[in-house]
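Chain by chain, the residues run as shown.
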Amino acid sequence: MYVLVGIVQFDLRCPQCVNGIIADPQTDWSFDELISELNSIDQKLQASSPVPLHFTKTHSSDLPVADKSRKAFVMHVSDDESDDDAYEDNNSRHVTIGNRFGCEDTYLSDSTEPDSESTSEAQWALMDKGGVIEGALIELSHEHQLSVAEEIRARISAFGADLTNEKDKFTHALSRAEKNKEARRELDRKRDLQYQRQIAEELDNHLTDVQRHHEYKSQIEEKKIRDDAAIEEAKRKQKAFQEEKIRQEKIKAEEARHQAEKKKEEEAKAIALEAEKAAKEAAEMAAAESQRKAAEALTASQGAVSKESGSGRLNKAPEGNVLKGAESALKMEESRLQIYNEVVGKGFASEMDSNREYSRQGMQMARRIKTITGTKESVRAKAEELVKLMNSTLPQSVNIGIFADKVVYFCTNASSNAAIYAYGHVIVMVTSQVPRAMEILLAKLNKVCIFTIPKYLSYSEAAFESRNAYLRAIGYQEEDGKLESTDDYVARLTQYMKLYGALIQTEVNGVQNLHGIEEGWKWLARFLNSLPANIYTVVALEAFLEVAGFALYRRYKNQFKKLLNIISRDFLKALKESKDPKVTKAVMSLESYIQSNNFQKEPEGWRLRDHLQSSDFNASESDNQQQYHNSSQGYGGYQQQYNYNSPNRFVYRR
């Protein structure tokens, strides 16, 4: 059967280049060349597709090669659809002239589904004699589109898998970093804790070493003191032995001389009896004369002293009287001075300067007293040390005199009321162990400050040789032949009165204050009843109330308020007309204290602290023995307690 083959123009509806295969519409191909080219394209597509195709062919797509004698046909791909339609019409007319072109044995595509428009067109094209090639091209284009879509899907899936893997890796790396960070933080915390433990251990070891060092120094110092005392005792015994030996020799010589003069004594006996009788008569006459003068002086001073009264009103002494004070207070002063002279002695001050042992003991007590601070531990430790020193090798009377002298001296250097309150606590604790020390201390205070009695001396030209003599009598100190200024005297007077006020108001639980708050109330009554109002008395009264007013108000309440009203109405009224600025300043200060009710407020430093603050540290204490104790008792309300293992136990209570 002969088939008329005409020329058919094909316009490919696909990209010009697919996987390196270029469709050239101007190339003239024979049918055999076209079939070979299609087979080659099919093989390349099968070989180059990275993803398996969805279509699996059951028959080979190789087309039978036509007879070589057949004429070639021209495949033309045009971009103009209208030209293509016209050309197809023209070709269809030529094709219909010849015999039908059969494609029964030709396999073009495995797809039989009429899903897409291209497949439908291809099926319709196969009805024509020239539709085999066009169907093959359409199938090829469809397979290429599917392969490209599948490749895109595969690459998108691969990219998504890679992205998921990268995300998982990043999450895992971030988790590992967080774990490492937490582990590092835990390691740093453990190292910090270990470092803090080491610091605490080192600090504890250091404090232990410091305590041992101070204890060692204290033992060395005590041993040195004992050795010095032993040496001095040996010297004293040696001296006593030599004196006793000399005395024995003198006794022997005296006995020998006595034997030699025994005969002469019998002869002079009568003369001696007559001389003794005459001397006795003269002594009796002198004693009678001295008693008469003392009686006259006592009568004059008793007329100048006003009686104490409980009404709280001021009793003005008559003009011209030199000595002003309550009779009971003056008798108490005389009794204290007598005890002081009996226990300590009149020449105690000169002995302190000349005796080496006294000076050494005074230095040790001074070191303890001047480092007293307003803390529980300081007060307890200093009181214990002072009690031990007062029971040392020296006679107790000497130690008491040194203690009183140093306390009175160092109170004038106190920087605040807190130190004065601490002095009061130490005094009460020491005098509870050594009771005689209280009377000696009060006598010393009475000697340096007459307002602690209380008493006052008025100036009189008849009673005093000069104005300076009067000032020395009321307590002015003289240095290098020159009296101190009034400001210095008033400042010293203020410190003495504050010490006295701190002493009478101090209360220690379990310890009796031998000169307590009742004595302060008596002092205030005697002061207002007997003493005149002037610059000295107003300063003394203000200093006393500043320190002891709070405790007096807590004890006596309304009675104390009435007493303050008497001070405002009578005592200060006499001073308000004064033009002296110093007097005016003191009056305003005391009046402000009363009107603002400062006596109802707890004074600063009245309550002892548990620990020493950094601002109170004194570098001069570095050479003293330090104590390291932890207070096991709290401090609340108005109660202070010290519990410790000591033979001298003091428990504080406010």
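Keep in mind that what you see is a predicted model, and the values were worked out from it rather than measured.

(A) A look at the overall build of the protein. Across its full length, the protein holds 17 helices and eight strands. Buried positions account for 36% of the 654 residues belonging to the protein. A total of about 40,400 Å² of accessible surface is found on the protein, and carbon and sulfur atoms cover 51% of it.

(B) Broad picture of the pattern of salt bridges. Summed over the entire model, instances satisfying the criterion amount to 25 salt bridges. Among the ionic pairs, Arg184 bridges to Asp188, the shortest N-O distance being 3.7 Å. Of this pair, Arg184 and Asp188 both sit in helix 4 (residues 131-304), separated by four residues, roughly a single helical turn. Overlapping salt bridges bring together Glu377, Arg380 and Glu384 as one network.

(C) Looking closely at a nonpolar patch on the surface. Together, Val148, Ile152 and Ile156 line one region of the surface with nonpolar side chains, adding up to about 250 Å² of accessible area. Relative to the helices and strands, Val148 is located in helix 4. A relative accessible area of 32% means that Val148 is categorised as partly exposed.

(D) Representation of the packing of aromatic side chains in the model. Scanning all chains against the criterion turns up 17 aromatic pairs. Seen in terms of ring centroids, Tyr459 and Phe464 are 6.5 Å apart; in terms of plane orientation they differ by 10 degrees. Their pairing is stacked. On the basis of relative accessibility, which here comes to 35%, the residue Tyr459 falls in the partly exposed class. Residues Tyr476 and Tyr489 carry aromatic rings whose centres are separated by 4.3 Å and whose planes lie at 15 degrees to one another, so their mutual orientation is stacked. Of this pair, Tyr476 sits in the loop between helix 12 (467-474) and strand 7 (478-479) while Tyr489 is found in helix 13 (residues 486-505), placing the two residues 13 residues apart along the sequence. In this pair, the class of Tyr476 matches that of Tyr489, namely buried. Three or more aromatic residues joined by ring pairs form one cluster here, namely Tyr500, Trp523, Phe527, Phe544 and Phe571. Its end group placed over the ring of Tyr459, Arg467 keeps NZ or CZ at 5.0 Å from the ring centre.

(E) Spotlight on the state of the cysteines. The tally for this structure, following the rule as stated, stands at zero disulfides. For the unlinked cysteine Cys411, the closest cysteine sulfur is that of Cys449, found at 9.5 Å. Assessed through its relative accessible area of 0%, Cys411 is described here as buried.

(F) Highlighting the packing of helix 14 (residues 517-530) against helix 15 (residues 535-556). Viewed as axis vectors pointing N to C, helix 14 and helix 15 meet at an angle of 135 degrees, and their least axial separation amounts to 10 Å. Our classification of the angle between helix 14 and helix 15 gives oblique. Note on packing geometry: the crossing formed by helix 14 with helix 15 is left-handed. Residue-level contacts link Ile517, Glu518, Gly520, Trp521, Trp523, Leu524, Phe527 and Leu528 of helix 14 to Thr537, Leu541, Phe544, Leu545, Ala551, Leu552, Arg555 and Tyr556 of helix 15.

(G) Examining the side chain of Gln364 more closely. Position of Gln364 relative to the elements: it lies in helix 7 (residues 356-370). Its relative accessible area of 7% is what places Gln364 among the buried residues. Filtering out sequence-adjacent residues up to four positions away, Gln364 remains in contact with Ile225 and Leu389.

(H) Layout of unusual backbone geometry. Each neighbour pair has its own omega, and for Ile453 with Pro454 the value is 0 degrees, a cis peptide bond. Inspection of the secondary structure assignment puts Pro454 in the loop between helix 11 (436-448) and strand 6 (455-457). Residue Asp480 is not a glycine yet carries a positive backbone phi of 55 degrees. With respect to the element layout, Asp480 can be found in the loop between strand 7 and strand 8 (482-483). Looking at Asp480, the relative accessible area reads 77%, which means it is exposed. Phi is positive for Lys557, which is not a glycine, with a value near 50 degrees. By secondary structure assignment, the location of Lys557 is in the loop between helix 15 and helix 16 (558-571). Its relative accessible area of 42% is what places Lys557 among the partly exposed residues.

(I) Representation of the confidence of the model for the protein within the structure. Looking at the protein as a whole, the pLDDT averages 75, with 67% of positions reaching at least 70. A low-confidence stretch, residues 1-8 (pLDDT under 50), is modelled with 19 contacts involving residues beyond four sequence positions or located in other chains. Note on residues 614-654: pLDDT is under 50 here. Beyond four places in sequence and across chains, it has 93 contacts.

(J) Structural view of the packing of helix 10 (residues 417-433) against helix 13. Here helix 10 crosses helix 13 at 50 degrees, and the two axes come no closer than 8 Å. It follows from the interaxial angle that helix 10 and helix 13 lie oblique. Taken as a pair, helix 10 and helix 13 cross one another with a handedness that is right-handed. Taken together, the residues of helix 13 that come into contact with helix 10 (itself represented by Asn417, Ile420, Tyr421, Tyr423, Gly424, Ile427 and Val428) are Gln495, Lys498, Leu499, Ala502, Leu503 and Gln505. Class assignment for the residues of the contact of helix 10 with helix 13 results in eight nonpolar, four polar and one charged.

(K) Layout of helix 15. Taking 1.5 Å per residue as the helical rise, helix 15 with its 22 residues ought to reach 32 Å, whereas the 27 Å between its terminal C-alpha atoms falls clearly short. Maximum bend of helix 15: about 60 degrees, positioned at Ala548. For helix 15, the tally of buried residues reaches 18 of 22 residues, placing the bulk of the element in the interior. Its side-chain oxygen at 3.0 Å from the backbone nitrogen of Tyr536, Asn534 defines the N-terminal cap of helix 15. One or two steps after helix 15, the chain reaches Lys557, where phi turns positive at roughly 50 degrees.

(L) Highlighting helix 14. Between its first and last C-alpha, helix 14 extends 20 Å over 14 residues, near the 20 Å set by a 1.5 Å rise per residue. Those residues of helix 14 that fall on the buried side of the exposure criterion are Ile517, Gly520, Trp523, Leu524, Arg526, Phe527, Leu528, Asn529 and Ser530. On the buried face of helix 14, the contacting elements are strand 5 (323-325), helix 5 (327-343), helix 13, helix 15 and helix 16.

The rules we used
Residues numbered from 1 in each chain as written. Predicted model: local features only at pLDDT ≥ 70, side-chain atom pairs only at ≥ 80, totals over all residues. Heavy atoms only, no water. Helix = DSSP H or I, 4+ residues; strand = E, 2+ residues; numbered from the N terminus. Buried < 20%, exposed > 50% of the residue type's maximum accessible area, 1.4 Å probe, protein only. Areas by Shrake-Rupley, 256 points an atom, 1.4 Å probe, with all protein chains shown as cover. Salt bridge = Lys/Arg side-chain N within 4 Å of Asp/Glu carboxyl O. Patch = residues over 30% accessible without salt bridge, like charges linked within 9 Å, V, L, I, M, F, W, Y side chains within 5 Å. Phe/Tyr/Trp six-rings, centres within 6.5 Å; stacked < 30°, edge-to-face > 60°. Lys NZ or Arg CZ within 6 Å of the ring centre and 35° of its normal. Disulfide = S-S within 2.5 Å. Axes fitted to C-alpha atoms, helices over the stretch in contact; angles between N-to-C directions. Parallel < 35°, antiparallel > 145°, perpendicular 65-115°, else oblique. Left-handed = near helix turned anticlockwise from the far one by under 90°. Contact = heavy atoms within 4.5 Å. pLDDT = per-residue confidence, 0-100. Nonpolar A, V, L, I, M, F, W, Y, C, P; charged D, E, K, R; others polar. Expected span 1.5 Å × (residues − 1). Bend = angle between axes of the 7 residues up to and from the residue. Polar contact = N/O pair within 3.5 Å; in protein donor to acceptor, adjacent residues only side chain to side chain.

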